[in-house]
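Structure at a glance
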Amino acid sequence: MAKEELIQFEGLVTEILPDARYRVQLDAGHEIVAYTAGKMKKNRIKTLAGDRVTIEMSPYDLEKGRLIFRHKDERPGGTGAPRSGPPRGQFRRR
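Residues numbered from 1 in each chain as written. Predicted model: local features only at pLDDT ≥ 70, side-chain atom pairs only at ≥ 80, totals over all residues. Heavy atoms only, no water.

Description of the pairing of strand S5 (residues 61-70)
As paired strands, strand S3 (residues 31-36) and S5 are joined by four bridges and run parallel to one another. Among the inter-strand pairings, Val33 is bridged to a residue of S5, identified as Lys64. The sheet contact formed by strand S4 (residues 52-58) and S5 spans five bridges and is antiparallel. Across the sheet, residue Ser58 finds its bridge partner in S5, namely Asp61. The hairpin turn running from S4 into S5, its antiparallel successor, is two residues long. (Pairing = 2+ DSSP bridges. Helix = DSSP H or I, 4+ residues; strand = E, 2+ residues; numbered from the N terminus.)

Describing the sheet that holds S3
Taken in spatial order, the five strands of this closed barrel run S1-S2-S3-S5-S4, and their pairing is mixed. Between one strand and the next, the sheet's axes are offset by a mean angle of 50 degrees, whatever the strand orientation. (Axes fitted to C-alpha atoms, helices over the stretch in contact; angles between N-to-C directions.)

Some details on the confidence of the model for the protein
This prediction gives the protein a mean pLDDT of 85; 79% of its residues lie at or above 70. When mean pLDDT is taken per element in the protein, S3 scores highest with 96 and helix H1 (residues 38-42) scores lowest with 89. (pLDDT = per-residue confidence, 0-100.)

A few points about the pairing of strand S1 (residues 7-17)
The pairing of S1 with S4 spans six bridges and is antiparallel. What sits directly across from Glu10, in S4, is Thr54. The sheet contact formed by S1 and strand S2 (residues 21-26) spans six bridges and is antiparallel. Of the residues in S2, the one forming a bridge with Leu17 is Arg21. Two successive antiparallel strands, S1 and S2, enclose a turn made up of three residues, where Asp19 displays a positive phi of approximately 60 degrees.

Concerning the environment of Ala37
Note that Ala37 resides in the loop between S3 and H1. With a relative accessible area of 10%, Ala37 lands in the buried category. Sequence separation between Ala37 and Ile68 is 31 residues; the distance between their C-alpha atoms is 5.5 Å. Residues contacting Ala37, with those up to four places away along its chain left out, are Arg66, Leu67 and Ile68. (Buried < 20%, exposed > 50% of the residue type's maximum accessible area, 1.4 Å probe, protein only. Contact = heavy atoms within 4.5 Å.)

Next up, the structure:
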């Protein structure tokens, strides 16, 4: 028997819950609980409240999902945080 196709939705993380779970408000208006996918854990991709994400859901249970992708911010300029560490050219070579 063939595997059921998963449904993908986009949404916004509204709350961070314990055990790497998130409350996500879908673009369609529904609110679900999602957990972090294994590849995101492996690559240490952090998700914060307010991030745009893509969710994968089974057609059998539309209350839970798997967070598979965190979209980059659309804000220009990024975070604007100064670079840490010594400035380049401070140490001389031997």
